[in-house]
Amino acid sequence: DVFFFQQGTLPCLSLEGDVLLESPSKVASAPDGNGGIYRALVESGALADMKTRGVEYIHASSVDNALVLPADPSFIGYCVAQGSDCGAKVCAKARAE
């Protein structure tokens, strides 16, 4: 059983804060970023679907983190054992570029 949902979008802005246009009559838009998953889960009905199925835990990671271990059992198990509402793996950047 798979539930697909779409990520939201936001208007595109220039560095100066001006709204960018895709065409003379259409505002350009782009994905709403990593945090958009939370709104999308609710608005799509995916969160309600998970509740009805008895899903207790999920693992989410951003697509730009190529080194993430999906559904890392050690990390998820640690978070569950600690009674955490959420967990995050982080590391210092090698270079701030």
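Summary of the structure given here.

Quick notes on the rules
Residues numbered from 1 in each chain as written. Predicted model: local features only at pLDDT ≥ 70, side-chain atom pairs only at ≥ 80, totals over all residues. Heavy atoms only, no water. Helix = DSSP H or I, 4+ residues; strand = E, 2+ residues; numbered from the N terminus. Rg over C-alpha atoms; globule rule 2.2 N^0.38 Å. Buried < 20%, exposed > 50% of the residue type's maximum accessible area, 1.4 Å probe, protein only. Contact = heavy atoms within 4.5 Å. Areas by Shrake-Rupley, 256 points an atom, 1.4 Å probe, with all protein chains shown as cover. Arc of directions from axis to C-beta. Patch = residues over 30% accessible without salt bridge, like charges linked within 9 Å, V, L, I, M, F, W, Y side chains within 5 Å. Salt bridge = Lys/Arg side-chain N within 4 Å of Asp/Glu carboxyl O.

## So, the overall build of the protein chain
Logical step 1: On a plain count of helices and strands, the protein chain comes out with 3 helices and 4 strands.
Logical step 2: Walking the protein chain from its N terminus toward its C terminus, one meets helices and strands in the order β-β-β-β-α-α-α.
Logical step 3: By the compact-globule yardstick of 13 Å for 97 residues, the protein chain is too spread out, its C-alpha radius of gyration being 18 Å.
Logical step 4: The buried share of the protein chain, taken over its 97 residues, is 13%.
Logical step 5: Contacts spanning at least 24 positions in sequence make up 27% of the contacts within the protein chain whose residues lie at least 6 apart.
Logical step 6: Roughly 8,400 Å² of accessible area belongs to the protein chain as shown, and the carbon and sulfur atoms make up 57% of that amount.

## Quick look at helix α1 (residues 36–44)
Logical step 1: Among all positions in α1, only Gly36, Ala40 and Leu41 are buried. Axial view of α1: buried residues confined to an arc of 135 degrees, hence all on one face. Opposite its buried face, α1 presents the exposed residues Tyr38, Arg39 and Val42, each directed more than 90 degrees away.
Logical step 2: Its buried side turned inward, α1 meets α2 (46–53).

## Considering a nonpolar patch on the surface
Logical step 1: There is a patch of nonpolar side chains on the surface, built from Leu13, Val19, Leu21 and Val27 and spanning about 370 Å² of accessible area.
Logical step 2: On the secondary structure map, valine 19 appears in the loop between β1 (9–11) and β2 (21–23).

## Some thoughts on α2
Logical step 1: Three or more residues of α2 are buried, namely Ala46, Asp49 and Met50. End-on view of α2: buried residues confined to an arc of 100 degrees, all on one side of the axis. In this structure, α2 carries Lys51 and Thr52 as exposed residues pointing more than 90 degrees from its buried face.
Logical step 2: If you follow the buried residues of α2, they end up packed against α1.
Logical step 3: Two residues or fewer after α2 comes glycine 54, characterised by a positive phi angle close to 80 degrees.

## Some points on the pattern of salt bridges
Note on pairing: side chains with opposite charge can pair once their charged atoms come close.
Logical step 1: Counted according to the given criterion, the structure contains 3 salt bridges.
Logical step 2: When the shortest N-O distance is used, the salt bridge between glutamate 22 and lysine 26 registers 3.8 Å.
Logical step 3: The partner of aspartate 49 in a salt bridge is arginine 53, and the shortest N-O contact between them spans 2.7 Å. Taken together, the positions of aspartate 49 and arginine 53, both in helix α2 and 4 residues apart, correspond to about one turn of that helix.
Logical step 4: Overall, arginine 53 belongs to the partly exposed group, its relative accessible area being 44%.

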